[in-house]
Amino acid sequence: MYRTALRNVLAHKGRLLMTALAVMLGTAFVAGTMVFSDTFGKAMRDSNSKGYSDVSVQIVDNAAGATATARDKSEKSAVTLTDATVQQLAALPGAAGARGVVSGFTGVADKSGTLIGQAWGAKGANFAPGPDGKDARYPMAEGQGPKTAKEIALDKKTADKAGYKVGDTVRVGSNGPVVEAKLTGVFTTDDPVVNSGGTLTLFDRATAQQLLLEPGRYSSIVLAAKPGTSENALLTEVNQKLRPQQQIEARTGADLKAEEDRMITRSSDGMRTMLLAFAAISLFVGIFIIANTFTMLVAQRTKELALLRAVGASRRQVTRSVLVEALAIGAVSAVAGLIAGIGIGAGLQSLVTSLDDGMPTGPLVIKPLTVAVTLVVGVLVTVLSALLPALRASRIAPVAAMSSGDQPATQKSLVVRNSIGSVMAAAGIALVAFGASKGDASGRLPVGAGALLAILGVFILLPLLSRPVIALVGPVLGRLFGMPGKLARQNAVRNPRRTAATAAALTIGLTLVSGLTVIGASVADTIDRAVTSSMKADYLVSAANGMSLSEKVPAEIAKASGVTASSPLTGVYWDLNGTKKEITGLNADSLDKLVSMKMKSGSAAAVGQGQLLIDEELAKKLGATTGSTVNVTFPDDTKGTLTVGGVYEQGGMVRAALLANSEILKHDPEPYLHNVLVKGANGETDALKKALKDATGANPVIEVKSKQDVRNDFSQIITFALNMMYGLLAMSVVVAILGVINTLAMSVFERKREIGMLRAIGLDRSGIKRMVRLESVVISVFGAGIGILLGSFMAWAINGTLKAGLPGLATVFPYGQLLLFLTLAGLVGLVAAFWPARRASKLDILESIKTD
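None of these values were measured; they are calculated from a predicted model.

Kindly report on the overall build of the protein chain, identifying the contributing residues and their values.
A count of helices and strands for the protein chain gives 27 helices and 22 strands. When its C-alpha atoms are laid out on the principal axes, the protein chain stretches across 100 × 70 × 45 Å. When burial is assessed residue by residue, the protein chain has 48% of its 852 residues classed as buried. Summing over all exposed atoms, the protein chain offers an accessible surface of approximately 38000 Å²; the carbon and sulfur share of this is 60%. Both charge centroids of the protein chain, one from 87 positive and one from 65 negative side chains, sit 15 Å from each other.

Written out as structure tokens, the structure is:
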């Protein structure tokens, strides 16, 4: 039986090709993901390890660089990291040296004034030369280190990227004043920030402290241990010297490196999990193809299997023979997938490097686990997918199986299948609707469980749905394409299970694609409406990295030419009736000129009287109404009350609560400054935008955005996320296309006699081609249509669970895009049918009619 099984694989290798390709693509996705994530993770860890090569112990002031609030200041201990601290630590018995480090955000402008790189990777630090005038951490490739406030040094990658040479004037800035400095040196470094594509700017010590922290203070101190002194021993000496402080933390270099490694591992594991989820989708789609292929093969080999039963083969032996075929296909495909996956991993690594040449790279990492997982997944998926067809093959009675053709499903099996599918689909839809009605995160579990049940139920019901749905297009096909159109419709519904299995592959992909598209369109529309309806200001000034702006920025903005009204938009977290909530701050005298608020009760003018405005959701939680009071605990731990001056509609730029900046400053002298809203005398103009940019000193890290710019930023984020998802789902679509090709090719093979008869009675080659192509288009559009409806329903439900976090969220159906997906599905069906249709049209008439 095993030899028979292997002979069958070789005999039907053409018919099994698409199945093998489907398994290969799925396993290649798995292998490529694991190779890439392992390679990328190792490269990041290797790069990170270099950053701690000279660190035995690091002492960090956790309060340094933080946005100082009254609470922060009250919590600071007497101990801070100063020059005196550096000298004390350098004198420890186990210390070979100590270096004070100042670190903070610093952006670098290119020659056009644009920020180089991404804001998250822009860093500034101090140049700490030794007695020889050199800093071993930052060896100079050209020039020398900075010595005065008007001098800086840049890392070589940044200087090369911007085309800066020693002697050039460079503009750098943080969230405050801009520095125009002379470039005195270009250095090389193994700093992880630079190795990850960021920028690093060096200042002299005093300037770094002034710009990034405060005079005389360090953010950390790095100690090197003497030979023979372990890091732990030096750490003990440090702790004895400084004693444990709330804001001071000392850790060994090995501990810091290990923590960074853990963070990198978590990050790469998260990326791997996401990619493997999409690989699993591709494999899941492949299951339908494999099962469909073996079902058709079993049907086509009915006589052969019956003969084996007649000559003594048991049911178990027949089952095993089919599974051995699946095992052989799975093993070969998995090996091919592993090889292809290694190539995919190398390609992804090259792609990342080409997109950002600063990202660390290294040799490919192929772990034994990757090899084992790929091979096991490939074999297991193939064998399990073939299990049901194998069991069906074993149940064919020898005498009954001597007749040709597929064995029709019994009425009982169809009733059982449809009953199970109906119950699952109904239960799933009910759960989804229940979860969506919750309107918050508590509904996500019911929606998730219901979605799974509904999808499985619909898949089970696809054979039942195929007949009436495809019947709707029958008259249209007949009128437009004549006899080939009628035959195509009949062929599509001849075997509903086969049609359903083929269409299901496309249904999965289109369910996910359409669902993501509807969610993306809904979120984009909500944000767009929030910006359009609530932002009356012409421009919004903010830091590119999301940091708090300097307190000097609002005053400079207010003095800019053409500004008629402006206000800093601040944020603080205060306890309201025992619940910590974010309160937005705006200047009361310019509130009505900069933001629009839909009041449910009370008046927005109450802000000018020192009263609190809250949205309707917070009003419900606090049990507050206009005129009532709210108990407040301020950052300095004092307590008081605020009168509610009005309740406004949820959503827009203003968060759950609004208070005048003048009131906030009474209790929180340095609130977080998100941005500055600006109204111009003549609205949005290029002149006003330039005046605002000039008011910030043309700081490269401070952005001036119009309403449309804000909308575009959110739109780009959503578009990027959707495009990434579409790209990851592309593999499952390719596998689905292979399924359509496979089903049509095998269908053509088993209908050779029928095709020969059609040719004999007058249907020409072009008519045969048209018939096969239309059949493919009908099946593809059917699967895509069900997927689009299912995906849109799931998106509506998911949006229901997001409403609490995104006020005003309403489901938007982008009909144009959904129609485009349906059209593309039809084109996919047309392309998939090219080879099967061509093959069918070239069949010899007489030989086809003679086929058994």
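There is more to say, and it comes next.
Would you mind going over helix α26 (residues 834–841) in detail, with residue names and values included?
Helical geometry note: an α-helix holds 3.6 residues per turn, so side chains three or four residues apart project in the same direction. Residues of α26 that are buried include every one of P836, A837, A840 and S841, and no others. Down the axis of α26, the buried side of the element spans an arc of 130 degrees, and every buried residue falls inside it.

Which residues make up empty space enclosed by the protein, and what values go with them?
Here the structure, examined in full by the defined rule, presents two cavities of 30 Å³ or more. By volume, the second largest cavity amounts to about 40 Å³. If you trace the second largest cavity, you find it lined by F288, I289, N292, A501, T502, A505, A736, G739, V740, N742 and T743. For the lining of the second largest cavity, the elements supplying multiple residues, two or more each, are α9 (253–300), α16 (496–534) and α22 (707–750). No other element matches α22, which puts five residues into the lining of the second largest cavity.

Could you give an account of the pattern of salt bridges, naming the residues involved and the relevant values?
All chains considered together, the criterion is met by 24 salt bridges. D575 is paired through a salt bridge with K580; the nearest N and O atoms lie 3.9 Å apart. Classification of D575 by relative accessible area gives partly exposed; the value is 23%. One salt-bridge network, held together by shared partners, links D38, R272 and K367.

Hey, could you go over the packing of α16 against helix α25 (residues 815–832) for me, with residue numbers and the actual values?
For the pair α16 and α25, the least separation of the axes is 10 Å and the interaxial angle reads 165 degrees. In terms of axis orientation, α16 runs roughly antiparallel to α25. In the crossing of α16 with α25, the sense of the turn from one axis to the other is right-handed. Contact residues: L510, V513, S514, T517 and V518 in α16; Q817, L818 and F821 in α25.

Quick rundown of the packing of aromatic side chains? Include the residues and the values.
One pass over the structure, following the stated rule, counts six aromatic pairs. Between Y138 and F187, the aromatic rings sit 5.3 Å apart at their centres with planes inclined by 65 degrees, giving edge-to-face as the arrangement. Separated by 49 residues along the polypeptide, Y138 in the loop between β5 (122–126) and β6 (140–143) and F187 in strand β9 (residues 178–187) bring together distant segments of the chain. Per residue, the accessibility class of Y138 equals that of F187, and both read buried. On the numbers, 5.0 Å between centres and 85 degrees between planes, the contact of W574 with F634 is edge-to-face. Here F634 lies in the loop between β18 (629–633) and β19 (639–648) and W574 lies in strand β14 (residues 563–576), a separation of 60 residues in the sequence. As far as burial versus exposure is concerned, W574 and F634 are alike and both buried.

Outline a nonpolar patch on the surface, supporting the account with residue identities and numerical values.
Taken together, the side chains of F284, I287, L452 and L456 present a nonpolar region at the surface, about 320 Å² in accessible area. If you list the elements that add at least two residues to the nonpolar patch, you get α9 and α14 (444–481). Relative to the helices and strands, L452 is located in helix α14.

How would you summarise the nonpolar core if you had to cite specific residues and measurements?
The biggest cluster of nonpolar side chains holds 104 residues, and the ones touching the most others in it are L462, L658 and L677. Excluding its chain neighbours within four sequence positions, the residues that come into contact with L658 are I583, T584, L586, L591, M597, V607, Q611, L612, L613 and Y648. With 34 residues, the next largest nonpolar core counts A162, Y218, L223 and A250 among its residues.

Can you tell me about the side chain of N418, naming the residues and giving the values?
With respect to the helices, strands and loops of the structure, N418 is situated in helix α13 (residues 411–438). With near-sequence residues (within four places) excluded, N418 lies in contact with L461 and L464.

Mind laying out the pairing of strand β22 (residues 702–706), listing which residues take part and the relevant values?
For β22, a buried count of four out of five residues is recorded, marking the element as mostly surrounded by other parts of the structure. In terms of strand pairing, strand β13 (residues 539–543) meets β22 through five bridges, oriented antiparallel. Paired with A543 across the two strands is I702, which belongs to β22.

Break down the packing of helix α15 (residues 483–494) against helix α24 (residues 765–802) for me, with residues and values.
The N-to-C vectors of α15 and α24 enclose an angle of 45 degrees; their axes lie 8 Å apart at closest approach. Considered as vectors, α15 and α24 are oriented oblique to each other. Two packed elements cross with a definite hand, and for α15 against α24 that hand is right-handed. When α15 is examined against α24, the residues P484, G485, L487, A488, N491 and A492 are found in contact with a partner set consisting of G767, R770, M771, L774, E775, V778 and I779. Its residues assigned to classes, the contact of α15 with α24 shows eight nonpolar, three polar and two charged.

Before we move on, could you go through the environment of L387 and cite the residues and values that matter?
Residue placement: L387 occurs in helix α12 (residues 368–394). Linking L387 and T295, residues 92 residues apart in sequence, is a C-alpha distance of 10.0 Å.

Rules behind the numbers
- Residue positions are given per chain, counting from 1 as you read along its sequence in written order.
- Reporting of local features is limited, given that this is a predicted model, to residues whose pLDDT is at least 70; pairs of side-chain atoms are given and counted only at 80 or more, and all residues count toward the totals for whole chains, interfaces and linings.
- Water and hydrogen atoms play no part in the side-chain values, which are based on all heavy atoms of the structure.
- Under the DSSP-based scheme used, a helix requires at least four consecutive residues in state H or I and a strand at least two consecutive residues in state E, with every element numbered from the N terminus.
- Exposure categories follow from relative accessible area, calculated using a 1.4 Å probe and restricted to protein chains: below 20% of the type maximum is buried, above 50% is exposed, and the middle band is partly exposed.
- Where accessible areas are quoted, they stem from the Shrake-Rupley method and a 1.4 Å probe; at the residue level, only the protein chains shown are allowed to cover.
- For this count, His and the chain ends are skipped, Lys and Arg are scored as positive, and Asp and Glu as negative.
- Taken as the charge centre is NZ of Lys, CZ of Arg, CG of Asp or CD of Glu, depending on the residue.
- To obtain the arc, one takes the directions from the helix axis to the C-beta atoms.
- Points on a 1 Å grid, built from protein atoms alone, make a cavity when a 1.4 Å probe fits but cannot get out and make a pocket when they are open with protein on both sides within 12 Å along at least 5 of 7 lines; residues with an atom within 4 Å of a point are the lining residues.
- Grid points are joined across faces, edges and corners, and a volume is the space filled by probe spheres set on the points.
- Between Lys or Arg on one side and Asp or Glu on the other, a salt bridge is scored when a side-chain nitrogen of the former is within 4 Å of a carboxyl oxygen of the latter.
- Only C-alpha atoms enter the line fits that serve as axes; for helices the fit covers just the stretch in contact. Angles between N-to-C directions range over 0 to 180 degrees.
- Comment on the angle field: the value is read as roughly parallel under 35 degrees, roughly antiparallel over 145, roughly perpendicular from 65 to 115, and oblique elsewhere.
- By the definition used in this description, the sense in which the near helix is turned from the far one sets the handedness, with an anticlockwise turn below a right angle giving left-handed and a clockwise turn giving right-handed.
- The contact rule is simple, with two residues in contact once any of their heavy atoms fall within 4.5 Å.
- What counts as a ring pair is set by centres within 6.5 Å for rings of Phe, Tyr and Trp (its six-membered ring), and what kind of pair is set by the plane angle: stacked under 30 degrees, edge-to-face over 60, tilted for all other angles.
- Here a patch means residues that are over 30% exposed by relative accessible area and free of salt bridges, tied together within 9 Å if like-charged and within 5 Å if nonpolar (Val, Leu, Ile, Met, Phe, Trp, Tyr).
- Note on terminology: a nonpolar core comprises buried Ala, Val, Leu, Ile, Met, Phe, Trp, Tyr and Cys residues joined through side-chain atoms within 4.5 Å.
- Only strands that DSSP links by at least two bridges are regarded as paired with each other.
- As a working rule, the residues Ala, Val, Leu, Ile, Met, Phe, Trp, Tyr, Cys and Pro are called nonpolar, Asp, Glu, Lys and Arg charged, and the rest polar, with Gly in that last group.

Fair warning: the whole summary comes from geometry, so function is off the table for now.
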